[in-house]
Amino acid sequence: MTRRLRAVCGLVLLGLAGSALGAERSVSSYLPADAWLVIHYDGTHPGVRETPLHAFFQEPEVKAALVGLRPLYDKFLEDTKEEAEADLDLFFRWAGSCECAFAFTAPREGREEPSAVLAANVGAAEGETRRQAEAFLKQVVAVAQPDTARQVPIGQLQATCYVGKNGEPGAFVFDGSMLIVGDGEEVLRRALDPAAPKAPAPAGDRAALRVRYDHRAMLKAFGNQIEPEAKRVLEAIGLNALSAAELAFVPRGKRLVTSLAVELPAGAGRQGLMRGLADAAAYDPELLKMVPHDASYFWLAGIDFAWVWDEVLGTVARVDAAAANSVRRELAALEQKAGVKLRENLLAPLGRGTLVVGKSEGLMGGWSAIVQRVRDPDALDKALVQLAARLDIVLMGMNLGAVRTDLKTFQYRGHTCRYLWMMGTPALILPYWTLCYTRVGDTFVFAPNVLQLKGYMDSVEEKGPTILENEEFRGLLAVVPKGATSLGYSSWGEPIQALYNTIGPILAMLQGDPEFAGKLDLANLPSSRLLRRYCKGTIGYTVFEDGRFRLEAQGDGLDILGPHLFTLGGAFLGAALYAGFMEGALEGMRDEPAVLDEPIVPPPPDIGGARLNALRIRDRNNLNQIAKACAVYLNEHGDNRFYPTGLAELVDRKCIEKQFLVSPLDPDPPKLANGVPCSYVSIFDRYPDRVFRDDFPPNEILAWVRKPFTQGGRNVLFFDSHVEFWADEGKFEGELKGLDEKVKKLTTPRQPGKAGEPRPRPIKGEF
């Protein structure tokens, strides 16, 4: 090779090397590879300006309204000024207008807080963003501890290191257009070292905001601080199979797509929740034909409820085998009392296909329903009828008083419909709920009340257009990938507009706050018509592809501010509504643990231990009525000071119905002086010559059953209105003996004829 040729090659290689060394580094190239949390924000993303969200905030009406809200923002800055050590408004301005990323790693030795580093592309030295960043950093150094700021060379760069007023180290350096900020010199050196392992650049479409959580890095950083029990739980629910999770907001076309991705590598041993995400079946598109054209929302998935139930029990067993066995024993006892088995009778008949659908009309109107595929409709219907037949016995165990239930039937549009009728207690589950269902082919339709069931059935039976004829939905459906495991859609324009019209004027009340007097202006809000114009449908879906579970939502309106999370969270809604219908009764029996020791027999429900339990519950309810009657007496006849002279006076003053003074456990109750049979004794009857006032201690006995009729025990009422079952007769007798001294000390002698203190009438019969 000639000397000239060698020189040319050397110049070329030198040029390439210089180009490589001088190339602009990306924000990610400064972040450590072992970061367990990375927050990446791109304020320069051009796609953001194409989204409806950006267009909405550029509307003149919205800009004017935001000016009126400025005092709220200023108040926030003022409240945080002391802790921030610098002008946060200045920070938001420069950090919000550039690309930057925060990374958090394990705490350095001797510290508890995670170590952090910020990398931001603030541009050239003469640019506005760079000047704002420099001004902010100057403020930070100015409030640091005196004489700690120093210049430290790192390679060819000069870093500024200091100790903040809180004693924590800080450091920053400019590398070309990049600003690197860390909690100490060591962090900066690691960020600037090209040989140090760095976090990979974000994969996929460029995001406006991306939050990435590295589960394995977190376990490595904090694993020694996690309790063994917590580690066992994490493994049981399958989180050990989780590699990382990422939430991103990605401008795509003119839409802002919300995306959550969970990485579950194939060889990671998926189990529990993670296995459920990976193995979920595709949604059933045929159920879309049961969604009306004008539905406000729906969510559709192919859940196997029997598998979910088995996996829940399996997870408990993996955490604590003994606890799992205890749960199974308790469940078996509860199921025997209810007359049905949860898995075999209620979950096994269900098929794969769950649809949650509803229509909102205005602020409160509309309907909602759950449509469920069923493998064995007859078996499910039989189980529901059986459960309803025993529900009154179960509800009595919830201390709700006397309850009567029945599963009533009616015909509507050619379908046999059933609803749960209840009498004796208000709002057992939620106001406005009377759970009901009907059968449509191989599906069951559940609704929270009869009106909503009829509303949905009207939409189905009128054979009108379905959601598949909705042009807005069809336009969004094109983005859903094949094999999606769930599908959701929401279009909330009308209810959002109604809600806005309701709460908008109320916001003006904030102007009455003295802190904002003369400043805050919430009277000139954007029109609801403008808001309605930006409210459009949103579609959401889940899919598992290439070891990643992905949940995405997008739409042509303010989807980022819309309630699409309700759509994507439909699994929780569907499971809650269905579980509330099928096993709400089982939960109530946990309030009476002693019942499990009584003989349990199959239906009919009015014999054996179940009947005895019901009688005891009614007896307890009577004592609750006595407590309420005493409160009424204090308010209406006792001048808010004096309790009655005895139970007879509660009847005479019409504070209580006389049937509540007879216990169903008492075969032969004696009579009070007014001739009313009574199974109970009150502290007022026991001490007729003493005056009881409203300041008597709440933890003392007020009334009790006259004899221990069941299992050698009796129900006892206290002044604070709670009732206890005492099976220890010795304890009860000892408590009564102790009352003598307490009553003598805490009450005064009764003066006959004095207002509010009449002489009591004697009580006949033995108590």
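How each quantity is defined
Residues numbered from 1 in each chain as written. Predicted model: local features only at pLDDT ≥ 70, side-chain atom pairs only at ≥ 80, totals over all residues. Heavy atoms only, no water. Buried < 20%, exposed > 50% of the residue type's maximum accessible area, 1.4 Å probe, protein only. Helix = DSSP H or I, 4+ residues; strand = E, 2+ residues; numbered from the N terminus. Arc of directions from axis to C-beta. Phe/Tyr/Trp six-rings, centres within 6.5 Å; stacked < 30°, edge-to-face > 60°. Lys NZ or Arg CZ within 6 Å of the ring centre and 35° of its normal. Patch = residues over 30% accessible without salt bridge, like charges linked within 9 Å, V, L, I, M, F, W, Y side chains within 5 Å. Areas by Shrake-Rupley, 256 points an atom, 1.4 Å probe, with all protein chains shown as cover. Salt bridge = Lys/Arg side-chain N within 4 Å of Asp/Glu carboxyl O. pLDDT = per-residue confidence, 0-100. Contact = heavy atoms within 4.5 Å. Pairing = 2+ DSSP bridges. Core = buried A, V, L, I, M, F, W, Y, C linked by side-chain atoms within 4.5 Å. Axes fitted to C-alpha atoms, helices over the stretch in contact; angles between N-to-C directions. Left-handed = near helix turned anticlockwise from the far one by under 90°. Nonpolar A, V, L, I, M, F, W, Y, C, P; charged D, E, K, R; others polar. Parallel < 35°, antiparallel > 145°, perpendicular 65-115°, else oblique. Disulfide = S-S within 2.5 Å. Polar contact = N/O pair within 3.5 Å; in protein donor to acceptor, adjacent residues only side chain to side chain.

(A) Spotlight on helix 3 (residues 60–68). Those residues of helix 3 not exposed but buried are V62, A65 and G68. Each buried residue of helix 3 sits inside an arc of 110° when the element is viewed along its axis, so together they form one side. Turned more than 90 degrees off the buried face of helix 3, the exposed positions are P60 and V67.

(B) Structural view of the packing of aromatic side chains. Inspection of every chain in the model, using the stated rule, returns 26 aromatic pairs. Ring geometry for F298 against Y489: centres 6.3 Å apart, planes inclined by 35°, an arrangement best described as tilted. Of this pair, F298 sits in strand 11 (residues 297–301) while Y489 sits in strand 18 (residues 486–490), and the two are 191 residues apart along the sequence. By relative accessible area, which is 1% here, Y489 ends up buried. Between W726 and F732, the aromatic rings sit 6.4 Å apart at their centres with planes inclined by 85°, giving edge-to-face as the arrangement. Within the aromatic cluster, the residues linked to one another by ring pairs are Y643, F684, F692, F696 and F719. Above the ring of F174, the side-chain terminus of R130 is found at 4.0 Å from the ring centroid. Above the plane of the ring of W726 lies K731, whose end atom (NZ or CZ) is 4.5 Å from the centre.

(C) Summary view of a nonpolar patch on the surface. There is a patch of nonpolar side chains on the surface, built from F57, L66, L69 and L72 and spanning about 290 Å² of accessible area. Assessed through its relative accessible area of 33%, F57 is described here as partly exposed.

(D) A look at unusual backbone geometry. A positive phi angle, near 50°, is found at R413, a position not held by glycine. Turning to its location among the elements, R413 is positioned in the loop between strand 14 (404–412) and strand 15 (415–423). Backbone geometry at K463 places phi at a positive 55°, although glycine is not the residue there. Tracing the sequence through the fold places K463 in the loop between helix 16 (450–461) and helix 17 (471–477).

(E) Representation of the confidence of the model for the protein in the model. Looking at the protein, pLDDT values average 81 and 83% of them are 70 or higher. Counted against residues more than four places away or in other chains, residues 1–23, with its pLDDT under 50, gives one contact. For residues 562–608, every residue scores under 50 in pLDDT, and the model assigns this stretch 94 contacts once sequence neighbours within four places are set aside.

(F) Highlighting the pairing of strand 24 (residues 714–718). A large share of strand 24 lies buried, amounting to five of its five residues. Across the two faces of strand 24 the burial is the same, with R714, V716 and F718 and N715 and L717 all buried. Sheet topology note: the strand 23 (residues 701–705)/strand 24 ladder contains three bridges and is antiparallel. Counted as the bridge partner of A703 is L717 from strand 24. Between the end of strand 24 and the start of strand 25 (residues 723–726), which pair antiparallel, lie four residues, with S721 showing a positive phi angle near 80°.

(G) Structural context of the nonpolar core. Of all hydrophobic cores here, the largest spans 40 residues; its most connected members are I626, L650 and I683. Among the elements of the structure, helix 22 (608–636), helix 23 (647–652), strand 21 (680–682), helix 24 (683–686), strand 23, strand 24, strand 25 and helix 25 (729–746) are those that each provide at least two residues to this core. Per-element tally for this core: the top contributor is helix 22, with seven residues. L650 has contacts with I626, A629, C630, Y633, P644, C655 and I656, leaving out every residue within four places of it along the chain.

(H) Seen up close, the pattern of salt bridges. Scanning the entire structure with this criterion turns up 36 salt bridges. A salt bridge links R343 to D310; its shortest N-O distance comes to 2.7 Å. Residue R343 is found in helix 13 (residues 342–347), and its partner D310 is found in helix 11 (residues 305–319); the two are separated by 33 residues along the sequence. Between E649 and R653 there is a salt bridge, with its nearest N and O atoms 3.5 Å apart. Through salt bridges with shared partners, one network takes in D205, R252, E545, R550 and E552.

(I) Summary view of the packing of helix 5 (residues 88–95) against helix 6 (residues 128–142). As a packed pair, helix 5 and helix 6 sit with axes 9 Å apart at the nearest point and diverge in direction by 145°. Classified by chirality, the crossing of helix 6 by helix 5 is left-handed. Between helix 5 and helix 6, the residues in contact are L90, F91, R93 and W94 and T129, Q132, A133, A135, F136 and Q139, respectively. Looking at side-chain class alone, the contact of helix 5 with helix 6 contains six nonpolar, three polar and one charged residues.

(J) Broad picture of the pairing of strand 5 (residues 157–163). Burial analysis of strand 5 places five of its seven residues in the buried class, the great majority of the element. Note: strand 4 (residues 150–154) against strand 5, five bridges, orientation antiparallel. If you follow V152 over to strand 5, its bridge partner there is A159. Hairpin connection of strand 4 to strand 5: two residues between the antiparallel strands, including G155 at a positive phi of 65°.

(K) Structural view of the environment of A383. With respect to the helices and strands, A383 occurs in helix 14 (residues 377–389). In this structure A383 comes out as buried when scored by relative accessible area, which is 5%. Along the sequence, A383 and V340 sit 43 residues apart, while their C-alpha atoms lie 6.3 Å from each other. Sequence-distant contacts of A383, that is, excluding residues within four places in its chain, are made with V340, N345 and L346.

(L) Here's a closer look at the sheet that holds strand 21. Judged by pairing direction, the sheet is antiparallel, and its four strands sit side by side in the order 21-23-24-25 without closing on themselves. Each edge of the open sheet is held by one strand with a lone partner, namely strand 21 and strand 25. Strand-to-strand twist in this sheet, taken as the mean axis angle between neighbours without regard to direction, amounts to 25°. Bridging between strand 21 and strand 23 involves three bridges; their strand directions are antiparallel.

(M) Geometry of the packing of helix 11 against helix 12 (residues 321–338). At a minimum axis separation of 5 Å, helix 11 and helix 12 run at an interaxial angle of 140°. If you check the angle between helix 11 and helix 12, you find them oblique. Facing helix 11, whose interface residues are W309, L313, V316, A317 and V319, helix 12 presents A321, A323, A324, V327, R328 and L331. Among the residues forming the contact of helix 11 with helix 12, the class breakdown is ten nonpolar, no polar and one charged.

(N) Region of the structure containing the state of the cysteines. Under the defined criterion, the tally for this structure stands at zero disulfides. A disulfide-free cysteine, C630 has its sulfur positioned 8.5 Å from the sulfur of C655, the nearest such atom. The exposure class of C630 is buried, given its relative accessible area of 2%.

(O) Up close: the side chain of S259. Among the secondary structure elements, S259 is positioned in strand 10 (residues 255–263). S259 sits in the buried class, given a relative accessible area of 10%. Here the side chain of S259 touches E552 through a polar contact of 3.3 Å, side chain to side chain. If near-sequence neighbours (up to four positions away) are discounted, S259 is found in contact with E246, L247, A248, R550, L551 and E552.

(P) Broad picture of helix 7 (residues 185–192). Among the residues making up helix 7, those that are buried are V187, L188, A191 and L192. The buried residues of helix 7 occupy an angular sector of 125° when the element is viewed end-on, so they sit on one face.

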